[in-house]
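Commentary on secondary and tertiary structure
Chain residues, written in single-letter form:
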Amino acid sequence: MDTDAGPSERDRSSTAEQQGEQRSRFAVYPSSVPPWWSVARWWRTALPAVACVAALFLVNAFLVQPFLVPSASMEGTLQIGDRVLVNKLAYRFGRVPERGDIVVFDGDGSFLQTGGTDYVKRVIGIGGDRVTCCDALGRLMVNGHSLDEGYLYPGDTPSRVPFDIQVPAGRLWVMGDHRDDSRDSRDHLGEPGGGTVPLDEVIGRADWIGWPIGRMRSLDRPAVFAAVPGPGRGRG
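Our subject in this report is the structure included herewith.

Conventions adopted
- Residue numbering note: each chain is counted from 1, following its sequence as written.
- Selection of residues for local features in this predicted model requires a pLDDT of at least 70, selection of side-chain atom pairs for listing and counting requires 80 or more, and totals for whole chains, interfaces and linings are taken over all residues.
- For side-chain calculations, the full set of non-hydrogen atoms in the structure is used, while hydrogens and water are omitted.
- Starting at the N terminus, helices and strands are each numbered in turn, a helix being any DSSP run of H or I of at least four residues and a strand any DSSP run of E of at least two.
- Three exposure classes are used, based on accessible area relative to the maximum for each residue type with a 1.4 Å probe and protein chains only: buried under 20%, partly exposed in between, and exposed over 50%.
- For this analysis, residues touch if any pair of their heavy atoms sits within 4.5 Å.
- Here, strands pair whenever DSSP counts at least two bridges between them.
- By definition here, a salt bridge exists when the distance from a side-chain nitrogen of Lys or Arg to a carboxyl oxygen of Asp or Glu is within 4 Å.
- Here a Phe, Tyr or Trp ring, Trp counted by its six-membered ring, pairs with any other such ring whose centre lies within 6.5 Å, and the pair is stacked when the planes are under 30 degrees apart, edge-to-face when over 60, and tilted otherwise.

Helix and strand counts for the protein come out as two helices and 12 strands. Each of the 236 residues in the protein was classed as buried or not, and the buried ones make up 36%. Summarising the internal contacts of the protein: among those between residues at least 6 apart in sequence, 63% fall at separations of at least 24.

Attention now goes to the sheet that holds strand 6 (residues 140-142). Spatially, the four strands line up as an open sheet ordered 7-6-5-8, and their pairing is antiparallel. Strands with a single pairing partner mark the edges of an open sheet, and in this sheet they are strand 7 (145-146) and strand 8 (163-166). Relative to strand 7, strand 6 runs antiparallel, the two being bridged by two bridges. Looking across to strand 7, one finds that Met141 is bridged to Ser146.

For the rest of this paragraph, the subject is unusual backbone geometry. Cis rather than trans, the peptide bond between Cys133 and Cys134 has omega equal to 0 degrees. Within the fold, Cys134 resides in the loop between strand 5 (130-133) and strand 6. The amide bond that connects Trp211 to the next residue, Pro212, takes the cis arrangement and shows omega of 0 degrees. Relative to the helices and strands, Pro212 is located in the loop between strand 11 (202-211) and strand 12 (217-218). Positive phi, close to 60 degrees, is recorded for Phe93, a residue that is not glycine. Along the chain, Phe93 falls in the loop between strand 2 (83-87) and strand 3 (102-106).

Moving on to the pattern of salt bridges. For the coordinates displayed, the defined rule picks out 13 salt bridges. With a shortest N-O distance of 2.6 Å, Arg130 and Asp164 are connected by a salt bridge. Linking Arg130 in strand 5 with Asp164 in strand 8, this pair joins segments that are 34 residues apart in sequence. Accessibility expressed as a relative area gives 45% for Asp164, which makes it partly exposed. Bridged by salt links that share partners, the residues Glu98, Asp101 and Arg221 form one connected network.

Next up on the list: the packing of aromatic side chains. Centre distance and the angle of the planes are the two values used to describe a pair of aromatic rings. Applying the stated criterion to the full structure yields three aromatic pairs. Centre to centre, the rings of Phe105 and Tyr119 are 5.7 Å apart; their planes meet at 20 degrees, and the pair counts as stacked. Here Phe105 is found in strand 3, whereas its partner Tyr119 is found in strand 4 (residues 118-125), with 14 residues between them in sequence. Residue Phe105 is classed as buried on the basis of its relative accessible area, which comes to 0%. Residues Tyr151 and Phe225 carry aromatic rings whose centres are separated by 6.2 Å and whose planes lie at 15 degrees to one another, so their mutual orientation is stacked. Taken together, the residues span a long stretch of sequence, with Tyr151 in the loop between strand 7 and strand 8 and Phe225 in the segment after strand 12 at a distance of 74 residues. Accessibility assignment for this pair places Tyr151 and Phe225 in one class, buried.

Following this line, the structure appears as structure tokens:
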């Protein structure tokens, strides 16, 4: 004989009502979330991405900017397709380019406008320097000091164009490392500024090759420039 009584009809009805009420409460709950809660959740998700974009913009605008090398004029050091990382703070706070630096500059007003206005070249002479081509061995001279330019593209001569220039104050004499395939200060000798580049048009110093990965390296200043005397102190 069974002694456990099953639920009565009244009990089953009450249980069903409670379950229905519970399901109803859960079904209504999502619609009771305030609109601002969804916005807050979206903002918390988007905020890191916004912060990253803002940080990249600030870095690109004020600190380091990548530039694509579009031509062969710096081959021997840079190749077509390299992306160089340009230090935009290198010449702030009173600092100026030095001989041997690789710089990116706006050529507006000093170089021809062909395929854009930004150029990448090596600084050979700074304000006050006398840059001459060439000595008896065919080497460039800066303030009477001959340069052994081991960074030149293999087979190139320092210059096929003879010149003798006194670089004006506040300007730079720049040349490509692939001298036989570079349009640089030599090509603009007869133009305003004599082929020199104003300091205030320099965007920054190329410090690294950042891409492709196999070519990543720093772009150090060649040691040969350390022996160049200051303007007026070299031999004539």
